[in-house]
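Here's the letter readout for the chains.
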Amino acid sequence: MVSGMGDERAAIAQVLRRTTFGPFPGQCEHLSVRGVSGAIDAVLSAAPLIPESPVFSAEQNEQDDYSDGPARRWLQLMSNPGAGIHEKMVWFWHGHLTSSHDKVDSWALMWRQHLLLREHALGNFRDLMHAITVDGAMLQYLDGADSTGDQPNENYGRELMELFTLGRGHYDQADVRAAATALAGWRVDDNVSVSFAQDAANGMPRTLLGRSVLDAADVVDTVCDHPGCAPFIAAKLYRFLTGSDPEASHLNELAKLFAGSGLQIRPLVEAIVRDPVMFDGTQARSRYPVEWVVAALGVFGIDDSGRAMDALTTLGQKPFLPPNVAGWPPGTQWVSPGRAIAKAALTVQAPAVRSVTEAADPVTAAFERAAIYTPSATSAAAVRRFHDTVGNRNPDATAAALLGLVVSTPEFGLA
Amino acid sequence: MNPISRRTLIRFGVGAGLIAMTGGSAGCAWPGPGGTLTIPAPQPAPADRRRLVMIELAGGCDGLSMVVPYSDDRYRALRPATGVDPAKVHRIDGRFGFHPSLQQLSTMGASVVTGVGVANPDLSHFEMLQRWWTGDPDGRTQPTTGFLGRLCDVLGDPAAPAVGVSLGFGATQPLACERVSTMSIDAGAGGAFPVPETGDDGLRAAWLAAQRAMAHPDRTDTAMLATARAATGAALRFTDIAGTLSPAGDSYPATDLGAQLSMAARLIDKDELGLRIVHVPVGADFDTHDNHLPQFAALMADLDEALAALRHDLRRRDIDSSVLIGVFTEFGRRAADNGSSGLDHGTASTAMLMGPTQTGLFGEPPSLNRLDGDGNLIATVNMTEFYATIAEAWFGVPADVVLPGRPTPIPGIIPVVR
């Protein structure tokens, strides 16, 4: 039933689901002349998108989804078919080096952090960690702001090691304490400018992970130099992109590559994206809501970031509002029963689009518009039966519902 | 020596050991929306009717602020910036009082268990949440199921649409089970399964038929595809019934927790679901590293209002005798202030049980003089003893069926029905 061409497009679709917020209609067909490796080249070499500046004002600061605001500006970039791996990595880092507007309470700070993540998304991990450690939003979110050497706040020091660089098992409470003490002394004032106050800092060296540290830069260098850092980041990125854990020997290779490059992010990303597991056709990864919503609206031809925000609210994943410092975990909760209901609430809004209404075979056209080239027999039969039951009686409503149905297939929820 | 008689004191006029009681002896005045009405705390319903609403205060809720050792000089010395004003607490006895914002709770009463924690605590949210979710106090056995999920497996009917429901989009670990259906859904998702808005009834029926067909397992499915299909199937079975829930109670606060507890009552009131346990992950953040006092007061005010509304709603529905309400957190906070007007991660905290329970203080309060090496409280009641109270004393499920280490229920909280 499936042609060789279908397989090629299916593999390209798989790559795009994992490395972008698409695929968007026609994209896989367009890239298929270049083959899978050409599609991967295109994703890796796409120029980073440059956001329009969002609008801030006092009253808008209270909202999280106003029309010119940061979240919708960002969703517009994700919806751009020209977006490549850089855009996906910005999202990855937001879920890894988390901050929430809920606590930071300043769009100016949140947007500044967003631009920081854009700048370093494919750059150097150590530079990224130096920058994020004294970023205003992060200082607010994990309480580095106003922490003093005399009475250090442990929040950032702990999460820096537990969630951002090493993982549990590499440090103890004395290390948390030492990191917190050395990190102290930073301030974020009412005009959202960040400064360091020597008199609030510690000034005495502490021992962190066996090394003497005096200040935030020492702490970041110490955790980045730790042998646990490269494998921790490599494993998390591999899981994020592929949905599965790397084999121990493979992780070892990736970590070696990452550490050997001086923690350059791009070579690590390229090594994972070029791994055949990226396009072998196994749907091992659920689409996160933000990926699902942007792709679904793309299939529907709806350019409306407000509608995207509404859907993301009910699906429980809004940009700039991670649920906690661990971000959005991987796993099967993204395809939970509750989310199946929330997704159906969006798919029933599918419109009748011409590429489906005018197709000789609307069912195949709907699947292809959603970049599902090799649907399961169960899903294909269910959609075909729907069409055969109502198609002749009410072509436009059927075409709209067909597109909604293919977007509700379990296949569309996976990558 | 029996560890219970040594460690667990009941200090509210009730002797140690399981007690039998009548409804009247646990009675209290409940201020209702239309004035104060006095309702006796109900006698527990027969075991097969019993349900649980388990409220999770994630982020690390400070037990010493929720139930304050207000007369302890050491408390005030440790917490110059975050201590609760002793004059404003709602006194339980000469030593402890509810947080000033827990005004309705102080009237309606609760079984307060102080010093709940584990023997070898960890200061990571995620590690400790995992231990609480899986009922694995030391993080050693690492079961794949959750404590609440194992209870659902014992209590529930495999044919029931939802034996356990988690009202949130957080992790599904607490209700992970092997035998019955449990699911997490949004508190707003109480209605029927969405269908296209068209006047064509045939199209709507065909749409639902297609959704059902796609939810049917396919032998060629990968594990993830099978999970996704099963989720749609569970959603359809759930919405087939949840589309006809009774109306919401009207006194809930317009907050996420209010919406969650309102939905919890509606779901429990729907027998056809076969529901036994509702898990309520509170979205508000109890991780008060800074600015503790105002943040905590707001958190408690929301909790107080939502809990009171739930208890009134359960009473109105005449199911108050069959619903136990539990409140827990993954850990408490450091004994001393951190210098940012906040409190860093700690260990033991305070848990509560409400409904048809004996009110008062249970467990031995943790010492503020004898702290561990990190300046944290030393737990006096193990997490598994709190859980055993729910499993064994409430549900009649022997604790060792669902928990490691043969824990014993805390005596005196759940009245024995004669």
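Starting afresh in each chain, residues are numbered from 1 along the sequence in its written order. Written order decides the labels, with chains lettered from A and ligands numbered from 1. Residue-level local features of this predicted model are given only where pLDDT is at least 70; pairs of side-chain atoms are given and counted only at 80 or more, and the full residue set underlies all totals for whole chains, interfaces and linings. With hydrogens and water set aside, each side-chain value is computed from the structure's full complement of heavy atoms.

Details of the overall build of chain A
Then, in step 1: For chain A, the helix and strand inventory stands at 22 helices and four strands.
Then, in step 2: A compact globule built from 415 residues would reach a C-alpha radius of gyration of about 22 Å, and chain A, at 23 Å, matches this within 12%.
Then, in step 3: Based on the C-alpha atoms only, the size of chain A along its principal axes is roughly 80 × 50 × 35 Å.
Then, in step 4: Relative accessibility thresholds used throughout: buried, under 20% of the residue-type maximum; exposed, over 50%; partly exposed, between the two (1.4 Å probe, protein chains only). Every one of the 415 residues in chain A was classed for burial, and the buried ones make up 62%.
Then, in step 5: Here the analysis covers contacts within chain A between residues at least 6 apart in sequence; of these, 71% occur between residues at least 24 apart.
Then, in step 6: The protein chains shown are the only cover counted for residues, whose accessible areas, like all others here, come from Shrake-Rupley with a 1.4 Å probe. Entry remark: accessible area of chain A is about 14800 Å², with carbon and sulfur atoms responsible for 50%.
Then, in step 7: Counting rule applied: Lys, Arg positive; Asp, Glu negative; His and chain ends not counted. Working definition for charges: the position is that of NZ of Lys, CZ of Arg, CG of Asp or CD of Glu. Of note, chain A has its 33 positive side-chain charges centred 5 Å away from the centre of its 47 negative side-chain charges. Put simply, DSSP marks the helices as runs of H or I at least four residues long and the strands as runs of E at least two long, and each gets a number from the N terminus on. The atom set for the radius of gyration is the C-alpha atoms, and the globule formula is 2.2 Å times the number of residues raised to the power 0.38. The criterion used for residue contact is that any of the two residues' heavy atoms lie within 4.5 Å.

Considering the interface of chain A and chain B
Then, in step 1: Each side of the interface is counted separately: chain A has 61 residues, and chain B has 51 residues.
Then, in step 2: Summed over both sides, the interface between chain A and chain B buries roughly 4300 Å², with carbon and sulfur atoms accounting for 64% of that surface.
Then, in step 3: Salt bridges are counted wherever a side-chain nitrogen of Lys or Arg sits within 4 Å of a carboxyl oxygen of Asp or Glu. Our enumeration of links across chain A and chain B arrives at four salt bridges.
Then, in step 4: Here a polar contact is recorded for every N or O atom pair within 3.5 Å, except that within protein the pair must consist of a potential hydrogen donor and a potential acceptor, and residues adjacent in sequence are included only if both atoms are side-chain atoms. Across the chain A-chain B interface, the total number found is 16 residue pairs in polar contact (both at pLDDT 80 or more).
Then, in step 5: Going through the elements one at a time, helix H10 (155-165), helix H11 (173-183), helix H17 (305-315), helix H18 (337-347), helix H21 (377-390) and helix H22 (395-408) of chain A are the ones with two or more residues in the side of chain A that touches chain B.
Then, in step 6: Polarity classes work like this: nonpolar for Ala, Val, Leu, Ile, Met, Phe, Trp, Tyr, Cys and Pro, charged for Asp, Glu, Lys and Arg, and polar for all others, with Gly in that last group. Considering only residue class, the side of chain A that touches chain B consists of 23 nonpolar, 25 polar and 13 charged. Buried area, as used here, totals the accessible surface that two parts lose on assembly, with accessibility defined by a 1.4 Å probe and the loss added over both.

Quick notes on the packing of aromatic side chains
Residues and elements named next belong to chain A.
Then, in step 1: Stacked, tilted and edge-to-face are the three classes assigned to paired rings of Phe, Tyr and Trp, where Trp is represented by its six-membered ring and a pair needs centres within 6.5 Å; plane angles under 30 degrees give stacked, over 60 edge-to-face, the rest tilted. A complete count under the given rule lists 20 aromatic pairs over all chains for this structure.
Then, in step 2: Taking the centre distance of 6.5 Å and the plane angle of 50° together, the rings of tryptophan 111 and phenylalanine 320 count as tilted. With tryptophan 111 in helix H7 (residues 107-120) and phenylalanine 320 in the loop between H17 and H18, the pair connects residues that are 209 residues apart, well separated along the chain. The same class applies to tryptophan 111 and to phenylalanine 320, which are both buried.
Then, in step 3: In textbook terms, an aromatic cluster arises when at least three aromatic residues are bridged by ring pairs, as seen for Phe92, Trp93, Phe125, Phe240, Phe258, Tyr288 and Trp334.
Then, in step 4: The rule is short: NZ of Lys or CZ of Arg within 6 Å of the ring centre and within 35 degrees of the ring normal puts a charge over the ring. Directly above the ring of phenylalanine 412 sits arginine 287, whose terminal nitrogen or CZ lies 4.4 Å from the centroid.

What to know about the pattern of salt bridges
Then, in step 1: Under the definition given, this model contains 38 salt bridges over all chains.
Then, in step 2: Linking B:Asp200 and A:Arg393 is a salt bridge whose minimum nitrogen-to-oxygen distance equals 2.7 Å. Of this pair, B:Asp200 sits in the loop between strand S9 (182-184) and helix H7 (201-214) while A:Arg393 sits in the loop between H21 and H22, placing the two residues on different chains.
Then, in step 3: Two residues, B:Arg51 and B:Asp271, come together in a salt bridge whose shortest N-O distance is 4.0 Å. With a gap of 220 residues between them, B:Arg51 in strand S3 (residues 51-56) and B:Asp271 in the loop between helix H9 (256-268) and strand S10 (277-281) connect regions that are remote in the sequence.
Then, in step 4: For B:Arg51, a relative accessible area of 8% translates into the label buried.
Then, in step 5: What makes B:Asp271 partly exposed here is its relative accessible area of 46%.

Focus: the nonpolar core
Then, in step 1: To qualify as a nonpolar core, a set must consist of buried Ala, Val, Leu, Ile, Met, Phe, Trp, Tyr and Cys residues joined through side-chain atoms within 4.5 Å. Residues A:Met89, A:Trp93, A:Phe125, A:Met129, A:Phe164 and A:Phe386 are the most contacted members of the largest nonpolar core, which totals 140 residues.
Then, in step 2: Residue contacts for A:Phe386: discarding those within four places in its chain leaves A:Gly391, A:Thr398, A:Ala401, A:Leu402, A:Leu405, B:Leu203, B:Ala206, B:Trp207 and B:Ala210.

Side note on the environment of A:Val273
Then, in step 1: Relative to the assigned elements, A:Val273 resides in helix H15 (residues 265-273).
Then, in step 2: In contact with A:Val273, not counting residues within four places along its chain, are A:Thr19, A:Ile40, A:Leu44, A:Ile85, A:Leu241 and A:Met278.

Brief notes about H15(A)
Then, in step 1: Within the span of H15(A), buried status applies to A:Ile265, A:Leu268, A:Val269, A:Ile272 and A:Val273. For H15(A), the angular spread of buried residues about the axis comes to 125°, placing them on one side. In this context, the arc is that of the directions from the helix axis out to the C-beta atoms.

A few points about the sheet that holds strand S5 (residues 90-91) of chain B
Residue and element names in this part refer to chain B.
Then, in step 1: The three strands are arranged S4-S6-S5 in an open sheet whose pairing can be described as antiparallel. Here the strands that pair on one side only, and so sit at the sheet edges, are strand S4 (67-68) and S5.
Then, in step 2: Only strands that DSSP links by at least two bridges are regarded as paired with each other. In this structure, S5 lies alongside strand S6 (residues 97-98), joined through two bridges in antiparallel fashion. Bridged to histidine 90 within S6 is phenylalanine 98.

Thoughts on the pairing of strand S11 (residues 323-328) of chain B
All names here are of chain B.
Then, in step 1: Of all six residues in S11, six are buried, a share of seventy percent or more.
Then, in step 2: Covered by surrounding structure in S11 are Val323, Ile325 and Val327 together with Leu324, Gly326 and Phe328, the residues of both alternating faces.
Then, in step 3: In this sheet, S11 lies alongside S3 in parallel orientation, the contact comprising six bridges. Note that in S11 the partner of arginine 51 across the bridge is valine 323.
Then, in step 4: Of the pairings in the sheet, the one linking S11 to strand S12 (residues 349-354) comprises three bridges and is antiparallel in character. Of the residues in S12, the one forming a bridge with glycine 326 is leucine 353.

Section: the side chain of B:Asp302
Residue and element names in this part refer to chain B.
Then, in step 1: You can see aspartate 302 is positioned in helix H10 (residues 292-316).
Then, in step 2: Of the buried charged residues, aspartate 302 lacks a salt bridge, with arginine 311 as the closest side chain of opposite charge at 15 Å.
Then, in step 3: A polar contact is formed between the side chain of aspartate 302 and the side chain of threonine 255, at a distance of 2.8 Å.
Then, in step 4: Not counting residues within four places of it along the chain, the set of residues in contact with aspartate 302 comprises Pro253, Thr255 and Leu257.

A short note on the side chain of A:Arg369
Residues and elements named next belong to chain A.
Then, in step 1: Structurally, arginine 369 can be placed in helix H20 (residues 362-369).
Then, in step 2: Glutamate 29 is the oppositely charged side chain nearest to the buried, salt-bridge-free arginine 369, at an N-O distance of 9.5 Å.
Then, in step 3: Once you skip the residues sitting within four places of it in the chain, arginine 369 turns out to touch Pro25, Gly298, Val299, Phe300, Gly301, Val353, Ser355, Val356 and Leu403.

Concerning helix H6 (residues 147-155) of chain B
Then, in step 1: Across the nine residues of H6(B), eight count as buried, placing the element largely inside the fold.
Then, in step 2: Every buried residue of H6(B) is listed here: B:Phe147, B:Leu148, B:Gly149, B:Arg150, B:Leu151, B:Cys152, B:Asp153 and B:Leu155.

Brief notes about the pairing of S10(B)
Residue and element names in this part refer to chain B.
Then, in step 1: Of all five residues making up S10, five are buried, and the element is well covered by its neighbours.
Then, in step 2: Side chains of S10 alternate between two faces, with Ile277, His279 and Pro281 and Val278 and Val280 buried alike.
Then, in step 3: Of the pairings in the sheet, the one linking S3 to S10 comprises five bridges and is parallel in character. Looking at the pairing, valine 53 lines up with valine 278 of S10.
Then, in step 4: Inspection of the sheet shows strand S8 (residues 164-166) paired to S10 by three bridges, in the parallel sense.

Section: the confidence of the model for chain B
Residues and elements named next belong to chain B.
Then, in step 1: Across chain B, the average pLDDT comes to 88, with 89% of residues at 70 or higher.
Then, in step 2: Here residues 1-39 is a poorly scored stretch, pLDDT under 50, and it has 88 contacts once near neighbours within four places are set aside; other chains count.
Then, in step 3: Across the interfaces of the predicted complex, the ipTM metric reaches 0.93, alongside a pTM of 0.86. A score from 0 to 100, pLDDT tells how confident the predictor is in each residue.

Some words on unusual backbone geometry
Excluding glycine, residues mostly carry a negative phi; peptide bonds, for their part, are mostly trans.
All names here are of chain A.
Then, in step 1: Going from glycine 22 to proline 23, the amide bond is cis rather than trans, its omega being 5°.
Then, in step 2: Tracing the sequence through the fold places proline 23 in the loop between helix H1 (4-19) and helix H2 (27-32).
Then, in step 3: Phi angles above zero are rare outside glycine, and phenylalanine 320 is one such case at about 75°.
Then, in step 4: With relative accessibility at 2%, the residue phenylalanine 320 sits in the buried group.

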